[in-house]
Every structure is written in C-alpha cells, then in structure tokens.
Amino acid sequence: MKLRVLFFSVLRDITGADEIALELPAGSTMADLLAQIESHWPKLREWQSSLLLALDQTYVKRDALLHDGGEVAIMPPVQGG
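About the cut-offs
Residues numbered from 1 in each chain as written. Predicted model: local features only at pLDDT ≥ 70, side-chain atom pairs only at ≥ 80, totals over all residues. Heavy atoms only, no water. Helix = DSSP H or I, 4+ residues; strand = E, 2+ residues; numbered from the N terminus. Contact = heavy atoms within 4.5 Å. Areas by Shrake-Rupley, 256 points an atom, 1.4 Å probe, with all protein chains shown as cover. Lys, Arg positive; Asp, Glu negative; His and termini not counted. Charge placed at Lys NZ, Arg CZ, Asp CG, Glu CD. Buried < 20%, exposed > 50% of the residue type's maximum accessible area, 1.4 Å probe, protein only. Arc of directions from axis to C-beta. Salt bridge = Lys/Arg side-chain N within 4 Å of Asp/Glu carboxyl O. Phe/Tyr/Trp six-rings, centres within 6.5 Å; stacked < 30°, edge-to-face > 60°.

### Brief notes about the overall build of the chain
Of the regular secondary structure elements, the chain holds 2 helices and 5 strands. When the elements of the chain are put in sequence order from the N terminus, they spell out β-α-β-α-β-β-β. Seen through its principal axes, the chain has C-alpha atoms that stretch 40 × 25 × 20 Å. Partitioning the intrachain contacts of the chain with sequence separation of at least 6 by distance along the chain shows that 54% fall at a separation of at least 24. As displayed, the chain has an accessible area near 4,800 Å², and 52% of this comes from carbon and sulfur atoms. Counting 7 positive and 11 negative side-chain charges, the chain places the centres of these two groups 4 Å from one another.

### Looking at helix 2 (residues 30-40)
Turning to helix 2, its buried residues number three or more, namely M30, L33, L34, I37 and E38. Here the buried residues of helix 2 occupy an arc of 130° about the axis, which is enough to place them on one side.

### Section: the side chain of E38
Checked against the element boundaries, E38 lands in helix 2. One buried charged residue, E38, forms no salt bridge at all, with the nearest opposite charge on R45 at 4.1 Å. Contacts of E38, omitting those with residues within four sequence positions, involve L44, R45 and Q48.

### Points about the packing of aromatic side chains
Using the criterion set out here, one finds 1 aromatic pair in the structure. Here the aromatic rings of F7 and W41 are separated by 5.8 Å at their centres, their planes lie at 70°, and the arrangement is edge-to-face. Of the two residues, F7 sits in strand 1 (residues 2-7) while W41 sits in the loop between helix 2 and strand 3 (52-55), which places them 34 residues apart along the sequence.

Rendered as structure tokens:
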C-alpha cells in the first residue's frame, strides 16, 4: 500500500523533508511505519515516546491499521508559547 507521510517542526529538520511517499505491505500498522522511517532516520528514535500520530487527520495510536492512500502525520509534542 502507498502512503503519504508528513513531518512537522523538528521532525522535518531531522528528515530533511516535509513529506515522503512510503510503501508498506497490506496489514501494516503505524508501529510498522515508524520502524521503517526510524531505520532511515535513527535520530527520530529520540522522539519515540512523545510523538503525536495522525491518520487522515485523526489522532491514532501505534496499533492503528494503515490503508492504501492514507495520509500519515507525524508531529512532535504540542508546544505552548
């Protein structure tokens, strides 16, 4: 399945991209996606415990099933100012 993955804030700096296209096998979860991108950008592991994850603009947990054509947003914790 093909996914659109969006990175925000400091995560954009780490990956050097606003978004990427990613292909994963059917039945993959958000945890599978995170493992895949962390293998390319190991520095993302530092954010593992605090990431906010969304699928099609709805917050989800790591066990959420992904679907073909889905839009995944990966964000650092919300910061106030």
